[in-house]
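# Analysis of the macromolecular model
The lines below spell out each chain.
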Number of protein chains: 2
Amino acid sequence: MRLRIDLAYDGGGFHGWAAQPLLRTVQGELEAALATVLRSSPLSTVCAGRTDTGVHARGQVVHVDVAEGALGPAAGRAEGSPEDAVARRLNGVLPADLRVRRVGLAAAGFDARFSPLWRRYAYRICDGVPDPLTRDHVLAWPRTLDVDAMNDASARLLGLHDFASFCRRREGATTVRTLLELGWARQGDLVTGTVRADAFCHHMVRSLVGCLVAVAEGRRPAGWPAQVLAAAVRDPAVTVLPPHGLTLEEVGYPPDDELAGRAEQSRTRRGPA
Amino acid sequence: MRLRIDLAYDGGGFHGWAAQPLLRTVQGELEAALATVLRSSPLSTVCAGRTDTGVHARGQVVHVDVAEGALGPAAGRAEGSPEDAVARRLNGVLPADLRVRRVGLAAAGFDARFSPLWRRYAYRICDGVPDPLTRDHVLAWPRTLDVDAMNDASARLLGLHDFASFCRRREGATTVRTLLELGWARQGDLVTGTVRADAFCHHMVRSLVGCLVAVAEGRRPAGWPAQVLAAAVRDPAVTVLPPHGLTLEEVGYPPDDELAGRAEQSRTRRGPA
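For the structure given in this document, a descriptive report is provided here.

Scoring rules and cut-offs
- Residues numbered from 1 in each chain as written.
- Chains lettered and ligands numbered in written order.
- Predicted model: local features only at pLDDT ≥ 70, side-chain atom pairs only at ≥ 80, totals over all residues.
- Heavy atoms only, no water.
- Salt bridge = Lys/Arg side-chain N within 4 Å of Asp/Glu carboxyl O.
- Helix = DSSP H or I, 4+ residues; strand = E, 2+ residues; numbered from the N terminus.
- Buried < 20%, exposed > 50% of the residue type's maximum accessible area, 1.4 Å probe, protein only.
- Contact = heavy atoms within 4.5 Å.
- Buried area = accessible area lost by both parts, 1.4 Å probe.
- Nonpolar A, V, L, I, M, F, W, Y, C, P; charged D, E, K, R; others polar.
- Least-squares fit on C-alpha atoms with pLDDT ≥ 70 in both.
- Axes fitted to C-alpha atoms, helices over the stretch in contact; angles between N-to-C directions.
- Parallel < 35°, antiparallel > 145°, perpendicular 65-115°, else oblique.
- Left-handed = near helix turned anticlockwise from the far one by under 90°.

## Remarks on the pattern of salt bridges
All names here are of chain A. A full pass over the atoms with the stated rule returns 35 salt bridges over all chains. Across the salt bridge formed by E264 and R267, the nearest N and O atoms sit 3.8 Å from each other. Taken together, the residues E264 and R267, both in helix α6 (residues 259-270) and three residues apart, mark about one turn of the helix. Assessed through its relative accessible area of 47%, E264 is described here as partly exposed.

What follows is the structure, encoded as structure tokens:
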């Protein structure tokens, strides 16, 4: 029986998603909490977006396979479904910087990592005096950003490309991705970028944003990020921006009857895990 | 020469506004930074809202009197006015949880504490799964709140009243205040209260909100907060809610030519400091 778990976390206190010995990670905390709440031996979770150290999430999606009956019988009054009860018990055990938003039974063929149609991230930058209340998830930038120039440069990056220039290369894995959305909006001195793609390679969003900030400051012309992209090799002039401005906001899945087909397609295209 | 300083802070790391020996306070940090930046002996600051331990601010206003010429000559290129340069230098010295939004020369008669027409606070409550990214300034509430009932009860508290039921009494000081605005709005599971009054007594907002949450949960009828108010004595059934949901958002001042008159009027009415 497969469960889908929707998660939110403040990445500041975690060494990223992936479980590592001796380090506090999201996967490590979640798997420990699952074992406690389900009174089970260790369980393996799989996520939609393997966030790096310091990257936040409001819409992380995870799956985990559990034994039939592992959730126990539906509990009494006001407890709702067994899945709701598990979500509540997980939140009782988990630390405050990691919250379960929802637990549900996964539809047949659902795979948190391979079924998504897209992932959506936000990168937040303040180019005025930083708000102390949001400083942990908004990057403070000391110079004014030209949002129109960022949008101009961003539009030239959309579509199917080899994003090798913006990624840490990994043996045998493709860096071809489809960038579906990349746009910037200003509210006062908060500049928010929305980035949506079928999937992302390692450091891709933070490198893309690093490139666009150079344009936004007038250090580079609006065509430069597209040139970097076309070169398809890492350019030392591209800065990887800090992780704390980045939040995984949402993962989009197809209708239930397309979950398995989509997963098969992604596995084939993206190469070995 | 009087300066007006606009401040924002994350109250979580401070023992409130007021300087106290051995404790980290907003006033203590600010006065130390001012002495450093202006190379002066200790300076005394006065604020619009003496926030308690754990209460945040986005729109705190402070005045400080400095010697003529204390700001030094206008600096070079891109530095702007001497006041802008002081703001920048203060932010270079201050910790990240306390930011100066603006420094300006105060108009004649300006008094941060006595000139305001009103103070506006927000109290933020999440009645769903808390967002880990905002958990330090939003109160997590485990039960669903009825916002319509909160607004119904709130409307009955507006106007000029003796708010003694909601305040810690202080010898010789009045607890008569004019509540100008008190309303609640929901965005998803975030419920935000806006509270505006000419001035507030100690614990007033947090007690008012504690009263209204009892209504929002259905534990008390919508008329109860007004009954508590009318009794004009502290009611042990009123809970003072935690400080971290509360943020001083804005202080409203009259036009420059009314600053001194307003200050005189407030000083007379409110009694000894």
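## Comments concerning the interface of chain A and chain B
Across the contact, 20 residues belong to chain A and 20 residues belong to chain B. Carbon and sulfur atoms supply 67% of the area buried between chain A and chain B, which totals about 1600 Å² over both sides. Summed over the shared surface of chain A and chain B, the number is four salt bridges. One salt bridge connects R58 of chain B with D131 of chain A, and the closest N-O pair in it is separated by 2.6 Å. When residues of the side of chain A that touches chain B are traced back to their parent elements, those giving at least two are β1 (2-9), β3 (56-65) and β4 (98-105) of chain A. With three residues, β4 of chain A is the largest single contributor of residues to the side of chain A that touches chain B. A class-by-class count of the residues in the side of chain A that touches chain B yields eight nonpolar, five polar and seven charged.

## What to know about the relation of the copies chain A and chain B
The two copies are related by a screw motion: chain A maps onto chain B through a turn of 180° and a shift of 0.0 Å along the axis, at an RMSD of 0.0 Å. The transformation relating the two chain copies, once decomposed into turn and shift, fits a two-fold axis. If distances are taken from each C-alpha of chain A to the rotation axis, the shortest is found for T134 of chain A, at 3.7 Å. Of the residues that chain A buries at the interface, 100% are likewise interface residues in chain B, meaning the two copies contact each other through the same surface.

## Thoughts on the packing of helix α3 (residues 147-155) of chain B against helix α4 (residues 204-216) of chain B
All names here are of chain B. With their axes 8 Å apart at the nearest point, α3 and α4 run at an angle of 135° to one another. Overall, the two elements α3 and α4 adopt an arrangement that is oblique. Handedness of the α3/α4 crossing: right-handed. The residues of α4 that touch α3, namely those facing A149, M150, A153 and S154, are L212, V213, V215 and A216. Along the lines of polarity and charge, the residues of the contact of α3 with α4 split into seven nonpolar, one polar and no charged.

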